[in-house]
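# Geometric and topological summary
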2 protein chains.
Amino acid sequence: MARKQGSHSDITGPRVRDAALRLIAQHGYAAVSMRQIAGEVGMQAGALYNYTPDKQTLLFDLMKDHMVALLAALKDLPSRTEALARLEDFTRFHIRFHVPRPDQVFVSYMELRNLSPENFAMIEAMRRRYEDALEDILRAGEAEGAFDMKDTRVTAMALIAMLTGISNWYRADGRLETETIETIYWDLVRKAVTT
Amino acid sequence: MARKQGSHSDITGPRVRDAALRLIAQHGYAAVSMRQIAGEVGMQAGALYNYTPDKQTLLFDLMKDHMVALLAALKDLPSRTEALARLEDFTRFHIRFHVPRPDQVFVSYMELRNLSPENFAMIEAMRRRYEDALEDILRAGEAEGAFDMKDTRVTAMALIAMLTGISNWYRADGRLETETIETIYWDLVRKAVTT
DNA sequence: CGTTTAACTGAACGCTCGTTCAGATGCAAA
DNA sequence: TTTGCATCTGAACGAGCGTTCAGTTAAACG
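None of these values were measured; they are calculated from a predicted model. Just so you know, the residues in each chain are numbered from 1, in the order the chain's sequence is written. Here the convention is simple: chains get letters from A, ligands get numbers from 1, in the order in which they are written. Only residues with pLDDT of at least 70 get local features here, since the model is predicted, and only at 80 or more are side-chain atom pairs given and counted; chain-wide, interface and lining totals rely on the full set of residues. Side-chain measures here rest on the full set of heavy atoms in the structure, leaving out hydrogens and waters.

Scanning chain A from N- to C-terminus turns up eight helices and zero strands. For helices the rule is a DSSP run of H or I covering at least 4 residues; for strands it is a run of E covering at least 2, with both sets numbered from the N terminus onward. Mapped in sequence order, the helices and strands of chain A form the string α-α-α-α-α-α-α-α. Along the first, second and third principal axes, the C-alpha set of chain A runs to 70 × 40 × 30 Å. Under the scheme applied here, a residue whose accessible area is under 20% of the maximum for its type counts as buried, over 50% as exposed, and between as partly exposed, the area being computed with a 1.4 Å probe on protein chains only. Taking all 195 residues of chain A together, 51% fall into the buried category. Considering only contacts in chain A between residues 6 or more positions apart, those separated by 24 or more positions represent 68%. Only the protein chains shown count as cover for residues, with accessible areas throughout obtained via the Shrake-Rupley method and a probe of 1.4 Å. When the accessible surface of chain A is totalled, it reaches about 9,700 Å², and 50% of it is carbon and sulfur. Counted as positive: Lys and Arg. Counted as negative: Asp and Glu, with His and the chain ends omitted from the count. Working definition for charges: the position is that of NZ of Lys, CZ of Arg, CG of Asp or CD of Glu. Charge-centre separation for chain A: the mean point of 25 positive side chains lies 5 Å from the mean point of 27 negative side chains. Note on definitions: a residue-residue contact is assigned when non-hydrogen atoms from the two residues lie within 4.5 Å.

Structure, rendered in structure tokens:
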């Protein structure tokens, strides 16, 4: 029964990754079996190995793609000059990027433990670059005299944790629009760091 | 070889829970086997069932005890009258309680998915009580005219996420003392919500 | 000192796991 | 129409899983 109509590698590959992402976000990497993922796509477990060398690499690729997309999108942000404007851009960008991707956020922040040491190091390095981008803005604001905080590094971590925490309570059918959430959080961020 | 010297239920019970907590925090609930936990304590897997009816209950008890201890400690906070003072007490309390318990924080925030529906509901209800305590303070501050924010519920969630995020980067042998961390975060919290 | 019993061992239960692979299948090229 | 090959099936591999339980051990009790 192999090679049904319209069942090609170009289509099955993404379907495998989508199913893996959703299942891992829901139940966790260790709790999801290759058979479950295959079943979600409508195939046998063995066929998954046409699309990934092993389960670990499947997880790593999901997390890597998320981080690559995040850093690429960040790079495309129009870089304004004033630190306050840059911070607002960063804040709104973070929310706009993460809110529509709850599964990626879940996996990227909860499955770090299940990465092999080498894979963990690569993901961690990308996360670090993202954190550094925020810290740069905070330092620039301090130099301008527009911002004032006790510790730029810790403040960067604090702000990212606050923003990413949205995924803990946000529901697409909830009472708040993304735009409203941006306004609420930008208000908090701005007040927290400005002089 | 059963019943070695000094090996009684009063001692083994806590050792089982300590081992389970550390291992689950490190590798995740689904990735840790009963045999691993038993091995850490120096016994066979079957003997664990003298101390827990099953693996799920072991996880639930770890999370329940953490939340019970958190809510009990919160209750013992001397309740001052001014909202600003209450918010400072809450902020410093949260940090002081969570920083020395990184494993409990990890487990309580990452293993919610692995709780049975009934157990999840119980933990979630306790978390809700904690969040409500903070929201009460924010509302009181608004009524006083001392605080100003767009949405008290969302702000409460944002602040808790920010504070709990400390566990993502804090290391006991790092450059910062708990007292210093309290100062940094209280500065952020206060500025974010005051008028 | 003999008996009881809490605490534990070690083996077993049925099941699921990640992964491999020979063989089946059907589209595309020749 | 025949051939080649990408794709998938279905079975199998050894290993480990949570849990149960009859039997062993040694501390505590009468």
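Once the structure has been displayed, the description carries forward.
Take the relation of the copies chain A and chain B next. Here the copies are matched by least squares. The fit uses the C-alpha atoms of residues with pLDDT of at least 70 in both. Of the transformation superimposing chain A on chain B, the axial component is 0.0 Å and the angular component is 180 degrees, with the fit at an RMSD of 0.0 Å. Taken together, these values place the two copies in the relation of a two-fold axis.

Another aspect to go through is the pattern of salt bridges. The term salt bridge refers to a side-chain nitrogen of Lys or Arg lying within 4 Å of a carboxyl oxygen of Asp or Glu. Following the criterion strictly, the structure yields 34 salt bridges over all chains and no others. The salt bridge partner of Arg153 of chain A is Asp132 of chain A, with a shortest N-O separation of 2.9 Å. Taken together, the residues span a long stretch of sequence, with Arg153 of chain A in helix H7 (residues 152-164) and Asp132 of chain A in helix H6 (residues 117-144) at a distance of 21 residues. Note that Glu182 of chain B and Arg96 of chain B form a salt bridge whose closest N and O atoms lie 3.5 Å from each other. Residue Glu182 of chain B is found in helix H8 (residues 178-193), and its partner Arg96 of chain B is found in helix H4 (residues 83-98); the two are separated by 86 residues along the sequence.

Turning to the interface of chain A and chain B, a few remarks are in order. The partner chain B presents 35 residues to the 35 residues of chain A that form the contact. By buried area we mean how much accessible surface two parts lose on assembly, using a 1.4 Å probe and totalling the loss over both. For the pair chain A and chain B, the summed buried surface comes to about 3,000 Å²; carbon and sulfur atoms form 64% of the total. Taken together, chain A and chain B are joined by four salt bridges. Taking the shortest distance from any N to any O, the salt bridge between Arg175 of chain A and Asp151 of chain B comes out at 2.1 Å. The term polar contact refers here to a pair of N or O atoms within 3.5 Å; inside protein, the definition further demands a hydrogen-donor-capable atom paired with an acceptor-capable atom, and it admits residues adjacent in sequence only when both atoms are side-chain atoms. Where chain A meets chain B, there are 14 residue pairs in polar contact (both at pLDDT 80 or more).

Residues and elements named next belong to chain A. What marks off one domain from the next here is an automatic or database domain assignment. Along its sequence, chain A is organised into domain 1 (1-52) and domain 2 (53-193). At the junction of the two partners, domain 1 supplies 14 residues and domain 2 supplies 16 residues. Between domain 1 and domain 2, a total of about 1,500 Å² is buried, with carbon and sulfur atoms accounting for 67% of that surface. Applying the counting criterion to the domain 1 and domain 2 interface returns one salt bridge. The closest approach of N and O atoms between Arg17 and Asp65, which form a salt bridge, is 2.1 Å. Connecting domain 1 to domain 2 are seven residue pairs in polar contact (both at pLDDT 80 or more). For the side of domain 1 that touches domain 2, the elements supplying multiple residues, two or more each, are helix H1 (9-27) and helix H2 (34-41).

With that out of the way, let us pick up the packing of aromatic side chains. Each aromatic ring pair is described using two quantities: the centre-to-centre distance and the angle formed by the ring planes. Pairing of aromatic side chains here covers Phe, Tyr and the six-membered ring of Trp, requires ring centres within 6.5 Å, and sorts the geometry by plane angle: under 30 degrees stacked, over 60 edge-to-face, intermediate tilted. Inspection of the entire model under this criterion finds four aromatic pairs over all chains. For the pair Phe90 of chain A and Tyr130 of chain A, a centre-to-centre distance of 5.1 Å together with 35 degrees between the ring planes defines the contact as tilted. One end of the pair, Phe90 of chain A, is in helix H4 (residues 83-98); the other, Tyr130 of chain A, is in helix H6, with 40 residues separating them in the sequence. The burial state of Phe90 of chain A is the same as that of Tyr130 of chain A; both residues are buried. The rule for a charge over a ring is simple: NZ of Lys or CZ of Arg within 6 Å of the ring centre, and within 35 degrees of the ring normal. One cation-aromatic arrangement involves Lys55 of chain B over Tyr29 of chain B; the distance from NZ or CZ to the ring centre is 4.4 Å. For the cation-ring pair, Arg101 of chain B lies above Phe97 of chain B, with the distance from its terminal atom to the ring centre recorded as 3.8 Å.

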